[in-house]
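Remarks on the overall topology
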Amino acid sequence: MRLIGVLGGMFDPIHAGHIRAAQAALDAGAERVLLCPCQMPAHRGQAIAPAMDRLQLCELTSRAHTGMEACDADLRGGLCYTVDTVDILQARYPDARICWIIGADKLPSLNKWYGAERLFAACEFWVCPRPGYDAHLPVPDARLRVLDMPPIAASSADVVQRLHAYDDAAGMISHEEARYIAENGLYQPDYKTLLKARGMPEKRLLHTLGVRQTAVVLAGLYGARMQAAGVAAMLHDIAKPLSLPEMQKKAQEYGLRLPKDIYADENLLHGPLAAAIAEHELGVTDAEILSAIACHTTGKPDMTVLEQVIYLADAIEPTRRDYPGLAQIRALAQTNLSAAVLLSMRRTREYVLSQGHAFCPQTELAMQSLAAKEETK
């Protein structure tokens, strides 16, 4: 009879420890391992990320590992009990033996699980060693098998802690998983709702979401932090709903010292003011994120990769109305970030001068810096 391994849990999010456990089950003879995120477990509180996002993260992760696949058997209304999930899976795989994969930390309470007697009769339990727990602890009536693998110390809480710090948690989650998390704003404050509450119009919100999508892709392409790019993109226009007098008043309140040309133009002032709002009202303390927000309309000399990413994403995101050179800038963005930023600035200067306006001196300095960088390549 073929063996189907099942790894259940919150997967909030799925990480390298889960993958090691699944791989150990495959090495032990499982034909496949199903990754089953739980909708609402009976033994712990609600997940941070929505259930369908956690399922999608399992799907993205499983694509890179032969023999693993995401499974929705545990995503159902009400409390989720393992014995019910086993019944569902047994119906799906009537010719297979279900092997439920657990950590050794679950052994002491295993006989107290809901429907334990029926559960023990229905499936085996494959045990993953965990530091500080006896993986060989006997459980009456349960069929146990200890998997041959090093103890797993990683946890989803460790991953979430790194994500909260705008880190992509490399080595703990895959690049694809980190990108999905950043693109969808998982494990960060609900900035979309926040922006709506602060009066951001729907069209501007769609632009902001487009900037986030573009910024995360560019960050992943050029080695910047995708989580940081996602947060900076969501907050870059947070000051936009304010009128110029309102912006200027807030700028004074926060003690912003700005050149007169920036202070007098809402299209330039909203950047540094957005950074101040992010820091003082929303608690964002990451210096690079704040700087990327502040200079997303003007640029500055010696821009970091993240600063260039946010500047460029704002200019080329999918909902941006077509303008001369946009297609060329978008194409160049895929191969040369700084050259694309420089071209975008040059196109902006051409437009501003054609309208009879003065061009921002800070952007001129940024262009000189980028041009010098391109010459040295």
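The structure under discussion appears in the preceding block.
The model shown is predicted, which means the values in this text are computed figures rather than measured ones.

1. Things to note about the packing of helix α6 (residues 175-184) against helix α8 (residues 202-222)
- At a closest axis distance of 9 Å, the pairing of α6 and α8 adopts a crossing angle of 155 degrees. Relative to α8, the element α6 lies roughly antiparallel. Considering the relative orientation of α6 and α8, their crossing is right-handed. Between α6 and α8, the contacting residues are His175, Arg179, Ala182, Glu183 and Asn184 on the first element and Arg212, Gln213, Val216, Val217 and Gly220 on the second.

2. A short note on the sheet that holds strand β5 (residues 124-128)
- Spatially, the six strands line up as an open sheet ordered β3-β2-β1-β4-β5-β6, and their pairing is parallel. Whereas interior strands pair on both sides, the edge strands pair on one side only; in this sheet they are β3 (68-70) and β6 (144-146). For this sheet, the mean inter-axis angle between neighbouring strands, taken without regard to orientation, is 30 degrees.
- Here helix α1 (residues 16-27) sits on the sheet in contact with β1 (2-9), β2 (32-37), β3, β4 (96-103) and β5, set at roughly 150 degrees to β2.
- Sitting on the sheet, helix α2 (residues 51-62) is in contact with β2 and β3, with an inclination near 155 degrees to β3.

3. Observations concerning the packing of aromatic side chains
- Taken as a whole, this structure holds three aromatic pairs when the rule is applied.
- Ring geometry for Trp113 and Phe125: centres 6.0 Å apart, planes at 80 degrees, overall edge-to-face. A residue pair is termed long-range when its members are at least 10 positions apart, and Trp113 in the loop between β4 and α4 (116-122) and Phe125 in strand β5 qualify at 12 residues.
- Overall, the relative accessible area of 0% leaves Phe125 in the buried class.
- Taking 5.9 Å as the distance between ring centres and 85 degrees as the angle between the ring planes, the aromatic pair formed by Phe120 and Phe125 counts as edge-to-face. When sorted by exposure, Phe120 lands in the same class as Phe125, which is buried.
- By way of ring pairs, the aromatic residues Trp113, Phe120 and Phe125 are connected into one cluster.
- Against the face of Trp126 rests Arg145, its NZ or CZ located 5.0 Å from the ring centre.

4. Quick word on the state of the cysteines
- Under the criterion given, the structure shown has zero disulfides.
- Cysteine Cys99 shares no disulfide, and the gap to the nearest cysteine sulfur, in Cys123, comes to 8.0 Å.
- Free cysteine Cys360: the closest other cysteine sulfur is in Cys295, separated by 11 Å.
- Look at Cys360 and you get buried, because its relative accessible area is 7%.

5. Concerning the nonpolar core
- Counting 98 residues, the largest nonpolar core has Val33, Leu35, Trp126, Leu147, Ile289 and Leu312 as its most contacted members.
- What Val33 contacts, discounting residues up to four positions off in sequence, is Gly5, Leu7, Ala22, Ala25, Leu26, Gly67, Met68, Glu69 and Ile101.
- Among the nonpolar cores identified, the runner-up in size contains 26 residues, and Ala73, Tyr93, Leu119 and Ala135 belong to it.

6. A word on the pattern of salt bridges
- For the structure on display, the rule yields 23 salt bridges.
- Measuring nitrogen to oxygen at the nearest pair gives 2.9 Å for the salt bridge that ties Arg162 to Asp167.
- Judged by relative accessible area, Arg162 falls into the partly exposed class, the value being 29%.
- Linking Glu183 and Arg179 is a salt bridge whose minimum nitrogen-to-oxygen distance equals 3.1 Å. Here Arg179 and Glu183 lie together in helix α6, a separation of four residues that amounts to about one turn.
- For Glu183, a relative accessible area of 21% gives the class partly exposed.
- Given the relative accessible area of 34%, Arg179 is considered partly exposed.
- Residues participating in the shared-partner salt-bridge network are Arg2, Glu31, Arg32, Glu69 and Asp95.

Rules and cut-offs
Residues numbered from 1 in each chain as written. Predicted model: local features only at pLDDT ≥ 70, side-chain atom pairs only at ≥ 80, totals over all residues. Heavy atoms only, no water. Axes fitted to C-alpha atoms, helices over the stretch in contact; angles between N-to-C directions. Helix = DSSP H or I, 4+ residues; strand = E, 2+ residues; numbered from the N terminus. Parallel < 35°, antiparallel > 145°, perpendicular 65-115°, else oblique. Left-handed = near helix turned anticlockwise from the far one by under 90°. Contact = heavy atoms within 4.5 Å. Pairing = 2+ DSSP bridges. Phe/Tyr/Trp six-rings, centres within 6.5 Å; stacked < 30°, edge-to-face > 60°. Buried < 20%, exposed > 50% of the residue type's maximum accessible area, 1.4 Å probe, protein only. Lys NZ or Arg CZ within 6 Å of the ring centre and 35° of its normal. Disulfide = S-S within 2.5 Å. Core = buried A, V, L, I, M, F, W, Y, C linked by side-chain atoms within 4.5 Å. Salt bridge = Lys/Arg side-chain N within 4 Å of Asp/Glu carboxyl O.

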